[in-house]
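Now for the letters of each chain:
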Amino acid sequence: MSGHSKWANIKKKKEKTDSQRGKVFTKLGREIAIAVKTGGGGDPANNSRLRDVVAKAKANNMPNDTIARSIKKAAGEGAGVNYEEILYEGYGPGNVAVILEVLSDNRNRIAAEVRHIFNKCGGNLGASGSVAWMFDRKGVIALERTAGLDEDEVMLAALDAGAEDFVAEEDCFEVITGPSDFAAVSEVLVGQGYHLLSAEVSRIPQNTVEITDEETLQKVQLFLDKLEENEDIQEVYHNAILPESDE
């Protein structure tokens with residue numbers, strides 16, 4: 001099962017952008033709020049969607065008390081801010097397929113902003129379903145690869161916990177799960193002492209596009225950065241393989 005994962009390359013680029021913008025906790029707070037309201041309340045034991053978001057928040061080093069406050073606030077918010085879930089699909093420069101997961105309290109505003117970014121960067125906003133079929137929804141858990149860990153032992157632990165696939169990277173072990181098994185597998189691995197570098201239910205591209213032309217690369221990176229910077233856009237999924245950066 002081990003081998004090279006192109007998803008790891010994509011994920012590293014996304015994490016780098018996350019760290020630069022410093023808005024991860026704010027976006028996680030919104031995810032917690034929508035999970036509480038739509039998933040069945042503020043108890044993760046009875047709300048699978050909230051359980052997944054909590055696992056993601058913990059992997060992003062969100063403090064437990066901050067998570068608890070976010071859940072409590074969402075559960076008692078009542079007539080507060082109501083976020084709407086919206087999915088946008090399309091193609092960016094270099095024919096890169098893109099899916100945007102959005103949580104916004106103003107559908108007209110975010111629609112105009114997304115359309116502006118696509119148009120300005122040479123992309124094309126598509127209709128519903130135009131790109132989503134190219135991505136598989138999976139749980140993706142990255143475990144820190146330290147000197148004392150045995151690859152076969154970690155793989156067996158992941159598979160015994162319910163993982164579908166396992167990929168050994170140079171700096172991490174990547175565990176792939178079904179969406180419904182994500183939280184349970186995460187909890188088992190954490191309970192066994194493994195350190196999670198990241199954990200979330202993601203959209204993994206079935207096919208990828210490698211960007212090698214420098215001009216196109218700059219356009220793609222600008223496009224993705226503009227999308228990541230928007231506060232209403234929770235997640236940016238794409239199928240571009242970008243070259244490693246020395247930064």
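None of the values given here were measured: they were computed from a predicted structure.

**Focus on the pairing of strand 4 (residues 135-144)**
Then comes step 1: The pairing of strand 4 with strand 7 (residues 196-205) spans nine bridges and is antiparallel. Looking across to strand 7, one finds that I141 is bridged to A199.
Then comes step 2: Summarising the sheet, strand 4 and strand 6 (residues 172-177) pair through six bridges and their orientation is antiparallel. Bridge assignment links G139 to a residue of strand 6, and that residue is T177.

**Notes on the sheet that holds strand 1 (residues 84-92)**
Then comes step 1: Taken together, four strands build an open sheet; the order of strands is 3-1-2-9 and the sheet is antiparallel. Strand pairing shows two members of the sheet lacking a second neighbour, strand 3 (124-126) and strand 9 (233-238), which therefore form its edges. Strand after strand, the sheet turns through a mean of 25° between neighbouring axes, direction not considered.
Then comes step 2: For strand 1 and strand 2 (residues 96-104), the ladder comprises nine bridges, and the chain directions are antiparallel. Paired with G90 across the bridge in strand 2 is V98.

**Things to note about the packing of aromatic side chains**
The geometry of an aromatic ring pair comes down to the distance between the two centres and the angle between the two planes.
Then comes step 1: If you walk through the whole model with that rule in mind, you get two aromatic pairs.
Then comes step 2: Judged by centre distance (5.0 Å) and plane angle (80°), the rings of F118 and F223 are edge-to-face. You can see F118 sitting in helix 5 (residues 107-120) and its partner F223 sitting in helix 8 (residues 214-229), a full 105 residues away along the chain. Both residues of the pair, F118 and F223, count as buried.
Then comes step 3: When the centroid spacing of 5.5 Å and the interplanar angle of 25° are considered together, the rings of F166 and F173 count as stacked. The same class applies to F166 and to F173, which are both buried.

**Describing unusual backbone geometry**
Then comes step 1: Phi at N61 takes a positive value of approximately 65°, unusual for a residue other than glycine.
Then comes step 2: Tracing the sequence through the fold places N61 in the loop between helix 3 (48-59) and helix 4 (64-76).
Then comes step 3: Residue N95 is not a glycine yet carries a positive backbone phi of 60°.
Then comes step 4: With respect to the helices, strands and loops of the structure, N95 is situated in the loop between strand 1 and strand 2.

**A word on the nonpolar core**
Then comes step 1: By size, the foremost hydrophobic cluster in this structure holds 22 residues, and its most contacted members are Y88, L100, F223, L227 and I233.
Then comes step 2: Counting residues per element, the ones that place at least two in this core are strand 1, strand 2, helix 5, helix 8 and strand 9.
Then comes step 3: Setting aside its immediate chain neighbours within four residues, L227 contacts V98, L100, I117, F118, I233 and V236.

**Here we look at the packing of helix 2 (residues 24-39) against helix 4**
Then comes step 1: Packing of helix 2 against helix 4 brings their axes to within 9 Å, and their N-to-C directions diverge by 45°. The angle between the axes of helix 2 and helix 4 places the two elements in the oblique class. Every pair of crossing elements has a handedness; the one defined by helix 2 and helix 4 is right-handed. Here helix 2 contributes I32, A33, V36 and K37 to the contact with helix 4, which in turn contributes I67, S70, I71, A74 and A75.
Then comes step 2: Across the contact of helix 2 with helix 4, the residue classes break down as seven nonpolar, one polar and one charged.

**Here's the deal with the pairing of strand 9**
Then comes step 1: Burial runs high along strand 9: six of the six residues are buried.
Then comes step 2: Sheet analysis places strand 2 next to strand 9, joined by five bridges and oriented antiparallel. Looking across to strand 9, one finds that E101 is bridged to E235.

**Structural notes on the environment of V102**
Then comes step 1: For V102, the location among the structural elements is in strand 2.
Then comes step 2: For the pair formed by V102 and V236, sequence separation is 134 residues and the distance between their alpha carbons is 9.0 Å.
Then comes step 3: Residues contacting V102, with those up to four places away along its chain left out, are E84, E85, I86, Y88, I110, D232, I233 and Q234.

**Let's talk about the confidence of the model for the protein chain**
Then comes step 1: Summing up the model confidence of the protein chain, the mean pLDDT is 86 and the portion of residues at 70 or higher is 87%.
Then comes step 2: Mean pLDDT values over the elements of the protein chain span from 53, in helix 1 (residues 6-21), up to 96, in helix 5.

Reading guide: rules and limits
- Residues numbered from 1 in each chain as written.
- Predicted model: local features only at pLDDT ≥ 70, side-chain atom pairs only at ≥ 80, totals over all residues.
- Heavy atoms only, no water.
- Pairing = 2+ DSSP bridges.
- Helix = DSSP H or I, 4+ residues; strand = E, 2+ residues; numbered from the N terminus.
- Axes fitted to C-alpha atoms, helices over the stretch in contact; angles between N-to-C directions.
- Phe/Tyr/Trp six-rings, centres within 6.5 Å; stacked < 30°, edge-to-face > 60°.
- Buried < 20%, exposed > 50% of the residue type's maximum accessible area, 1.4 Å probe, protein only.
- Core = buried A, V, L, I, M, F, W, Y, C linked by side-chain atoms within 4.5 Å.
- Contact = heavy atoms within 4.5 Å.
- Parallel < 35°, antiparallel > 145°, perpendicular 65-115°, else oblique.
- Left-handed = near helix turned anticlockwise from the far one by under 90°.
- Nonpolar A, V, L, I, M, F, W, Y, C, P; charged D, E, K, R; others polar.
- pLDDT = per-residue confidence, 0-100.

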